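Inside the fold
So you can see what is in the structure, the chains are spelled out below.
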Amino acid sequence: MGLADNKAAIAAQNVSKVFRGAGQEAVAALDNVSLTINQNEFFTLLGPSGCGKTTLLRLIAGFEFPTDGHIYLYGEDIALLPAYKRPVNTVFQNYALFPHMTVAQNIAFGLEMLGKPKAEIDARVLAMLKLVRMEELSGRKTSQISGGQQQRVALARALAPKPKVLLLDEPLSALDYKLRKEMQIELKRLQTETGITFIFVTHDQEEALTMSDRIAVMSKGKVLQVGTPHEIYDHPAERFVANFIGETNFLKGEIVSSAKGVPRVKLEAGPTISADAPRGGQPAGKVTVVLRPEQATLVPAGKGELQGVVDNVVFFGTDTHFHVRLADGSMFMTRQQNSGANAGGPKAGDKAGIQLAANAARILKD
Amino acid sequence: MAEPVSKAAEIALASQKNAARRHQLLAMPSLLIITLFGIGPLLVILVYSFLKAAPYGGVEWKFSTDAYLNFLFQRDIFDDTLQFSPDYLFIYLRSVIFAVVTTAVCLIIGFPTAYFMATRPPEQRSWWVLLITIPFWSNLLVRTLAIMFIIRDEGVINTVLMNWHVIDKPITMLYTNFAIVLGLLYSYLPFMVLPLYSSLEKLDFRLVEAGFDLYADKRRVLWRIIIPLAKPGIVAGCLLVLIPAIGAYVTPLILGGGLHLMIGDLIAQQFGSGRNWPLGAAQALILMAAVMVALFFYVRNSSGKMHHE
């Protein structure tokens, strides 16, 4: 499989982690996970809480050890190496800055522990302060700076020893919306500037889509799909992925023909449409077809492929969501951009047609 | 501010004042007890220390600084000249050394204990705290006598060792310095463990993980992260052990057999067989003053450091 390939920054091979509490049933936090993370990649582990993404990160950091499997760092098996011997640093969810040290002392800590000479430490701390734009606050105690500033210090502290891989455990979750947006751009800049492999853990799909080179979607201790944000969004392999990333319409149907490798699906809501087959599979029989809300346009009744009655209209500023009840009783959501001129669109109770974009429907691998 | 204060602001201010007054009332009972039974007797001691000793105990109401002079000097019986005599100072020094050794050993034993307790699952921790307080369930005198029965020549330890032929003569432990420190250690260990536990329990163990993550091994995580963060507990524990240990009375008396006089014994003697109440009062005050001065410098030093950092 070439997982131990030297090019890979991190390669996890059949990693399992079982937690055994006293007198409790064993819980498998990770179930036979294999992953390859490339050098200089911004890689995101995405999933709901309890999916095992933080456990995987802690295994790579060395705070926990796998029950089974191997973890390679540039070809070297580090699965059982203690945390302080791994050239990997972590940005913790609540930053975990040392409260008895100043900003500069926090950043210097890792370098000091590595036994670097004083002059080198001072120069590196200064460079890090500059990188995260915190020069003025170097002498402050960490309790005397704001949440956003603490976040920057945590980043500088973790980047200072030049780790081979930087692990980020939901570092933005404690920030407010605006600051979070700023830090997303900042993180991407830092990753490009330092050229360090970032492994980022989040439950926020939007965060994952904006920043990542590649995303691994996880659920219940398993990796469901790995791919670029585009692949994950446009070609979700499973129902969970389609549902978790973005908003999706699920349409039930049955395959009627597969001429020229393009399956035709007879939808329960009426029409027969063409839909992409999932990668590496030729589905047959009853299937579920997914379609993103922005790939369907609301048209006057009688036109378009699908027919229904508008159930609900929700205004979002930049766009408006129309929830339409189809002939089979299922709900279909479309998203229309607001141009300012279309204030007189359909209202709840109006009949409407739905025009589907070409080549947008995908069949799920059920 | 010449602006008229609005009605609402006025009411808010008044209710704030009311609240402050109520909070003062809440402190009244303890203030009353401290004044009546703490500061009152101290004043009596202060006054007594400047009076003349009556021949059969008690005091004569005549001003005198003899008590303080007697602390450092001895009056020659024949020509009434004062000669420097450091006997009492040595006793003080010995007490301080015993107390410091006790505190150090308490810290060395207490820290791992407290760390162990603080790292148990939360639902188990209160049980461990309860276990630590078990010695308080019986009287100090009884506990000290029990130690005596364990360490004396015919005691449990010597009997067992002799039966196993590890030794053929009993090791003398009772009435030695070792016995005194052992007794003090046993009496004051909980006062070290409890404050240490309370500050270690609050320790954010993610900081420990952060230390490991930043290449610190176990030893350096302990010295650079855990100990500095547990400092308030260490300081509180050391004070709670050191101060009472300096003035300890029962333990050195019973386990030291009166052979090694300590401050507590010394002061008690002045009020008993010594029949020199002013000297006893002066000795007590000198001890208190010394502890207060040491504390003052310590607190000023450590708070100054915090500001500089």
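Residues numbered from 1 in each chain as written. Chains lettered and ligands numbered in written order. Predicted model: local features only at pLDDT ≥ 70, side-chain atom pairs only at ≥ 80, totals over all residues. Heavy atoms only, no water.

1. Comments concerning the overall build of chain A
Using the following cut-off: For the purposes of this entry, the term helix denotes a DSSP run of H or I that reaches at least four residues, the term strand denotes a run of E that reaches at least two, and both are numbered from the N terminus. Summary of the burial criterion: residues with accessible area below 20% of their type's maximum are buried, those above 50% are exposed, and those between are partly exposed, where the area comes from a 1.4 Å probe applied to protein chains only. Contacts: residue pairs with any heavy atoms within 4.5 Å of one another. The method behind every accessible area is Shrake-Rupley, applied with a 1.4 Å probe, and residues are considered shielded solely by the protein chains displayed. Charge assignment: positive for Lys and Arg, negative for Asp and Glu; neither His nor the chain ends contribute. Working definition for charges: the position is that of NZ of Lys, CZ of Arg, CG of Asp or CD of Glu.
Across its full length, chain A carries eight helices and 20 strands. Referenced to the eigenvectors of the C-alpha coordinate spread, the extents of chain A come out at roughly 75 × 50 × 45 Å. Looking at chain A residue by residue over its 366 residues, the buried ones come to 48%. At a minimum sequence separation of 6, the contacts of chain A that also span at least 24 residues come to 65%. Looking at chain A as shown, the accessible area adds up to about 16800 Å², and 51% of this sits on carbon and sulfur atoms. A distance of 1 Å separates the average location of the 41 positive side-chain charges in chain A from that of its 37 negative side-chain charges.

2. Concerning the interface of chain A and chain B
Size of an interface: often given as the accessible area lost when the parts come together. Which entries qualify depends on this criterion: Buried area adds together the accessible area that both of two parts lose upon being put together, with accessible area traced by a 1.4 Å probe. Here a salt bridge means any side-chain nitrogen of Lys or Arg lying within 4 Å of a carboxyl oxygen belonging to Asp or Glu. Any pair of nitrogen or oxygen atoms within 3.5 Å is treated as a polar contact; in protein, a donor-acceptor pairing is required on top of that, and neighbouring residues in sequence qualify only through side-chain atoms on both sides. When residue character is reported, Ala, Val, Leu, Ile, Met, Phe, Trp, Tyr, Cys and Pro are called nonpolar, Asp, Glu, Lys and Arg charged, and the others, Gly included, polar.
The interface is formed by 27 residues belonging to chain A together with 17 residues belonging to chain B. Overall, the association of chain A and chain B removes approximately 2100 Å² of surface from exposure, summing both partners, and the carbon and sulfur fraction of that is 62%. At the junction of chain A with chain B, the criterion picks out two salt bridges. Notably, a salt bridge pairs Arg-58 of chain A with Glu-209 of chain B, separated by 2.6 Å at the nearest N-O pair. The tally of links from chain A across to chain B stands at nine residue pairs in polar contact (both at pLDDT 80 or more). Elements with a minimum of two residues in the side of chain A that touches chain B: β6 (88-91) and α2 (103-113) of chain A. Residues that form the side of chain A that touches chain B fall into these classes: 16 nonpolar, six polar and five charged.

3. Quick notes on the confidence of the model for chain B
To keep it simple, the criterion reads: The predictor rates its confidence in each residue with pLDDT, a number between 0 and 100.
For chain B, per-residue confidence averages 88 on the pLDDT scale, and 96% of positions sit at 70 or higher. As a predicted assembly, this complex carries a pTM of 0.80 together with an ipTM value of 0.84.

4. As for the side chain of Arg-362 of chain A
Mapped onto the elements, Arg-362 of chain A comes out in strand β20 (residues 362-363). A polar side-chain atom of Arg-362 of chain A sits 2.7 Å from the main-chain carbonyl oxygen of Asp-234 of chain A.

5. Concerning the packing of helix α5 (residues 140-151) of chain B against helix α6 (residues 156-163) of chain B
Residues and elements named next belong to chain B. This is how it is decided: Each axis is a line fitted through C-alpha atoms, and for a helix only the stretch in contact is used; angles between axes span 0 to 180 degrees, taken between their N-to-C directions. Roughly parallel means an angle under 35 degrees; roughly antiparallel, over 145; roughly perpendicular, 65 to 115; everything else is oblique.
One can describe the packing of α5 onto α6 by two numbers: an axis separation of 4 Å at closest approach and a directional angle of 20°. When the axes of α5 and α6 are compared, the pair comes out roughly parallel. Judged by residue contacts, Phe-149, Ile-150 and Ile-151 of α5 engage Val-156, Ile-157 and Asn-158 from α6. Split by residue class, the contact of α5 with α6 holds five nonpolar, one polar and no charged.

6. Considering the domain arrangement of chain A
All names here are of chain A. Convention followed: Residue ranges assigned to the domains are those given by an automatic or database domain assignment.
Annotation of chain A at the domain level lists domain 1 (8-234) and domain 2 (247-363). Spacing between the C-alpha centres of domain 1 and domain 2 amounts to 39 Å. Across the contact, four residues belong to domain 1 and four residues belong to domain 2. At the boundary of domain 1 with domain 2, total buried surface from both sides reaches about 360 Å², with 25% on carbon and sulfur atoms. Linking domain 1 to domain 2 there are zero salt bridges.

7. Structural notes on helix α4 (residues 147-159) of chain A
All names here are of chain A. Convention followed: Expected span of a helix, by definition, is 1.5 Å for each gap between consecutive residues, and there is one gap fewer than residues.
Between the first and last C-alpha of α4 there are 18 Å, a value that for 13 residues agrees with the 18 Å anticipated at 1.5 Å per step. Taking burial as the measure, the 13 residues of α4 include 10 buried ones, the bulk of the element. Taken together, the buried positions of α4 are occupied by Gly-148, Gln-151, Arg-152, Val-153, Ala-154, Leu-155, Ala-156, Arg-157, Ala-158 and Leu-159.

8. Some details on unusual backbone geometry
Residue and element names in this part refer to chain A. Despite not being glycine, Asn-14 has its phi angle at roughly 50°, a positive value. Looking at the secondary structure, you find Asn-14 in strand β1 (residues 8-19). Under the relative-accessibility criterion, Asn-14 is labelled partly exposed at 40%.

9. Some details on the packing of aromatic side chains
All names here are of chain B. Keep this limit in mind: A pair of Phe, Tyr and Trp rings is counted when the ring centres sit within 6.5 Å of each other, with Trp represented by its six-membered ring. The angle between the planes then sorts it: under 30 degrees is stacked, over 60 is edge-to-face, the rest tilted.
Evaluation of the coordinates by the stated rule reveals 18 aromatic pairs over all chains. Arranged with centres 4.9 Å apart and planes meeting at 90°, the rings of Phe-116 and Trp-128 form a pair that is edge-to-face. Taken as a pair, Phe-116 in helix α3 (residues 87-118) and Trp-128 in helix α4 (residues 122-132) lie far apart in primary sequence, 12 residues in all. Accessibility expressed as a relative area gives 34% for Phe-116, which makes it partly exposed. Their ring planes at 50° and their centres at 5.9 Å tell us that Phe-271 and Trp-277 sit as a pair that is tilted.

10. What about the confidence of the model for chain A?
Mean pLDDT over chain A stands at 89; residues scoring 70 or higher make up 95%. Taken as a whole, residues 1-5 of chain A scores under 50 in pLDDT and shows 10 contacts with residues more than four places along the chain or in a different chain.

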